[in-house]
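Okay, here's what each chain looks like letter by letter:
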Amino acid sequence: MMVSFTPRRRKPSMTKPSIPVGIIFSQHGPYQAMGCEIFKSAMMAVDEINDQAEFDFSIIPHVRDPRGIVSEYHTACDDLIRNVGVEHIVGCYTSASRKQVLPIVERTDRLLWHPARYEGFECSDNVIYVGASPNHNVLPLVRYVLDNLSREIFCVGSNYVWSWETNRVTRELATAAGGRIIAERLLELGESAVGHMVDEIVRRRPPVVFNTLVGSSSYAFIRAFHAATTAAGLDIPMLSCSLCEPELKIVGPASAGCITSSAYFESIRLPENRAFVARWKARYGEDSSPSVDGQSAYVSVYLLARALQRAGTSNIGEVRRAAAGLRYNSPQGPVWIDGGNNHCVLTPRLAVSNADGQFDIFWEADAPVKPDPYLTQLDVAVTPARDGASSGAPHLRVVK
Amino acid sequence: MSKPSSFSLRGRKALVAIKDERDASIVKRQFERLGIDIVASELCAVADGHPDVALIDDEFLPLASPAQRAALGQCPVIALLGTETPSRLKLVLELDPASFLVKPLRSAGIYAALVVAFEKSERTNELKQQVLKLEQRLRSRRIVLAAVLQVMHARALTEPAAFAFIRRAAMEQRKTIEEISAEITMKGYRPRAG
């Protein structure tokens, strides 16, 4: 159902045209905690946009909850397109769910606005990838570790594409730097029996542990890891590309000290972020925190709305063209879509989680970084500096 | 020396012969994302040598001339299939494709087809080298046998002892058994006992 409108020509007395938008996030099921956070952020953006006079339309959200069941994403998407007539869908958290939706949006020529960071190696004309690409999250973290902490890394992860690919990149970089992956231990999704992995870590005492476990598996691991290493008197840094503030609250004090790579932290000191966090807390409670993927869902809805406004129509070809290069000063800083690959240009950051359930940012890129979903610019031979020369790896720098 | 990631295709040169404009534009866009240069858009000789990979639409099959086949050199071929009928597949197989894609094309699948094609081509080339080496050795077995017989007669040795004698001589002189055997048979050379 294509909706056209003429930006800036509407008289105040006229009713704004409505644009139906599908919202697909799992608010129940195995990753409901994160799904709810993302959903809440998307709805906050929808309400804000509908209250703003600068937009010549209203977004009518059509919400679907696939409950974490992969096949339900296909059903929900099919229903939204066939029965509601949406052209734009904001949704999907896991890569498995995105892959379910992809064939339908491509066949029917719709546009999926995908907020979550992912492992890369995909580039559909019918998806706008708003989350971080692998060169935004995995590369800065691994380069930092190789340069500053260790060239030997112990990997724990979920038996899932996110861990497989993250570990593959880590292995290539570590090997090229003369290091190695000490071990790669994977758990089935949702599995929380982490004792054997923690026992092995305490026995082998690796210099650093890279945690790519997701959801409840990760929470169980972080608690057990903290208890076991504390009891053994070990101080082993943990790394993550996915940990976020709501998860720090779920895990509790054991989550402190995790070195995390992300484009968004609640502690970013930008006026746009301070205002965003204030609005978030006013709406969802002083004790709650937005997450990186939630903030990205918020950004996704805003990027969609701004592209709709620029295009003057909901037609996906025109909206996609309008979105390319359209800069938005978001809570995480300036972002825009790279028209060449439909991925987001954004600013990578590194931080350490603290005992207050927040992150202390210690590094950020000097400027927003172009997305490289296929890692075509990755040169594994660019090893950490050994002679003081710059390697392009992030060095410790306090960001205030 | 700088070495790209084994899964990075940046800087590779491609010959792309695709009939349908939509399919061609999808390949062009995806190649730009991957950093691959399209050096020819039809089946013709490439100005500076051979391409690294060729995407050939099955609508161009069979290749019209030996010159078209020559344009591909030894590069891996990715066949674009419009139909799965045996008659068409037979023509495609004559190209000895390293990978294939099914039309109409989507951006998904192109990267995987390229990685599979390059990997398969590399492994095939290694196998070919191995086969060549083995064929060479097989041909020289006759010479080794002749040398063994000569040493057996000259030194009154059994066949295993004569072979051990030749092998020891080859090791001492840092030559292959085939090389030392050729010297024994052709020049009448008799290596000293170790």
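Residues numbered from 1 in each chain as written. Chains lettered and ligands numbered in written order. Predicted model: local features only at pLDDT ≥ 70, side-chain atom pairs only at ≥ 80, totals over all residues.

Secondary structure summary: chain B contains six helices and five strands in total. Traced from its N-terminal end to its C-terminal end, chain B shows the element sequence β-α-β-β-α-β-α-β-α-α-α. Structurally, chain B occupies a C-alpha span of about 75 × 45 × 30 Å along its principal axes. Scored against the burial criterion, the 194 residues of chain B give a buried share of 29%. Partitioning the intrachain contacts of chain B with sequence separation of at least 6 by distance along the chain shows that 52% fall at a separation of at least 24. (Helix = DSSP H or I, 4+ residues; strand = E, 2+ residues; numbered from the N terminus. Buried ≥ 20, exposed ≤ 12 C-beta atoms within 10 Å, placed from the backbone. Contact = placed C-beta atoms within 7 Å.)

Bringing the overall build of chain A into the picture now. Within chain A, the secondary structure is distributed over 11 helices and 15 strands. Along the first, second and third principal axes, the C-alpha atoms of chain A reach 70 × 45 × 40 Å. Every one of the 400 residues in chain A was classed for burial, and the buried ones make up 50%.

Further remarks concern the interface of chain B and chain A. For an interface, size is often stated in terms of accessible area lost upon the parts coming together. Taken together, the 16 residues of chain B in the interface contact 16 residues of chain A. The class makeup of the residues in the side of chain B that touches chain A is five nonpolar, six polar and five charged. (Nonpolar A, V, L, I, M, F, W, Y, C, P; charged D, E, K, R; others polar.)

Attention shifts here to the sheet that holds strand β9 (residues 238-240) of chain A. Residue and element names in this part refer to chain A. Strands sit in the order β7-β6-β8-β9-β10-β14-β15 across an open sheet of seven strands; the sheet is mixed. Two strands bound the open sheet, and with one partner strand each, they are β7 (180-187) and β15 (359-364). When strand polarity is set aside, the average angle formed by the axes of neighbouring strands in this sheet is 25 degrees. (Pairing = 2+ DSSP bridges. Axes fitted to C-alpha atoms, helices over the stretch in contact; angles between N-to-C directions.)

Take the packing of helix α10 (residues 292-311) of chain A against helix α11 (residues 316-323) of chain A next. All names here are of chain A. Two numbers describe how α10 lies on α11: the axes approach to 8 Å, and their chain directions differ by 110 degrees. Relative to α11, the element α10 is oriented roughly perpendicular. Listed contacts from α11 to Leu303, Ala307, Leu308, Arg310 and Ala311 of α10 are Glu318, Val319, Ala322 and Ala323. When grouped by side-chain class, the residues that make up the contact of α10 with α11 number seven nonpolar, no polar and two charged. (Parallel < 35°, antiparallel > 145°, perpendicular 65-115°, else oblique.)

On to the pairing of strand β12 (residues 333-338) of chain A. Looking along a regular strand, one sees the side chains alternate between the two faces of the sheet. All names here are of chain A. With three bridges joining them, strand β11 (residues 328-330) and β12 adopt antiparallel strand pairing. Bridge pairing links Asn329 to Pro334 in β12. Counting the residues in the hairpin turn of β11 and β12 gives two residues. By the bridge criterion, three bridges tie β12 to strand β13 (residues 343-345) in an arrangement that is antiparallel. Paired with Asp338 across the bridge in β13 is His343. Linkage of β12 to β13, two consecutive antiparallel strands, is achieved through a turn of four residues, within which Asn342 is found at a positive phi near 60 degrees.

Attention shifts here to the sheet that holds strand β1 (residues 13-17) of chain B. Residue and element names in this part refer to chain B. Taken in spatial order, the five strands make up an open sheet running β2-β1-β3-β4-β5, and their pairing is parallel. Each end of this open sheet is capped by a strand with a single partner; those strands are β2 (37-40) and β5 (99-102). Between one strand axis and the next, the sheet turns by 30 degrees as a mean value, whatever way the strands run. With respect to the sheet, helix α1 (residues 21-34) is in contact with β1, β2 and β3 (53-57), its orientation differing from that of β1 by roughly 170 degrees.

This paragraph deals with helix α3 (residues 86-94) of chain B. Taken across its nine residues, α3(B) has zero buried, putting it largely on the surface. Remark: Asp96(B) follows α3(B) within two positions and exhibits a positive phi of approximately 55 degrees.

Attention now moves to the pairing of strand β4 (residues 77-81) of chain B. All names here are of chain B. By the criterion of burial, β4 is predominantly enclosed, with four of the five residues buried. Note that β4 and β5 share four bridges and pair parallel. Across the sheet, the residue bridging to Leu81 is Val102, located in β5. Read from β4 through α3 to β5, the crossover connection turns out right-handed. (Right-handed = clockwise from strand over helix to strand, strands pointing away.)

This paragraph deals with the packing of helix α4 (residues 110-155) of chain B against helix α6 (residues 177-187) of chain B. Residue and element names in this part refer to chain B. Two elements in contact, α4 and α6, have axes whose closest approach is 8 Å; the angle formed by their N-to-C orientations is 50 degrees. As summarised for this structure, α4 and α6 are arranged oblique, according to the angle between their axes. For α4 against α6, the interelement crossing comes out left-handed. Residues Arg137, Ser140, Ile143, Val144, Ala146, Ala147, Gln150 and Val151 of α4 touch α6, and the partners they reach there are Ile177, Glu178, Ser181, Ala182, Ile184 and Thr185. For the contact of α4 with α6, the class distribution of residues is eight nonpolar, four polar and two charged. (Left-handed = near helix turned anticlockwise from the far one by under 90°.)

For the rest of this paragraph, the subject is the domain arrangement of chain B. Here the domain parsing of chain B yields domain 1 (13-108) and domain 2 (130-187). Each of domain 1 of chain B and domain 2 of chain B was reduced to a C-alpha centroid, and the two centroids are 48 Å apart. (Domains from an automatic or database assignment.)

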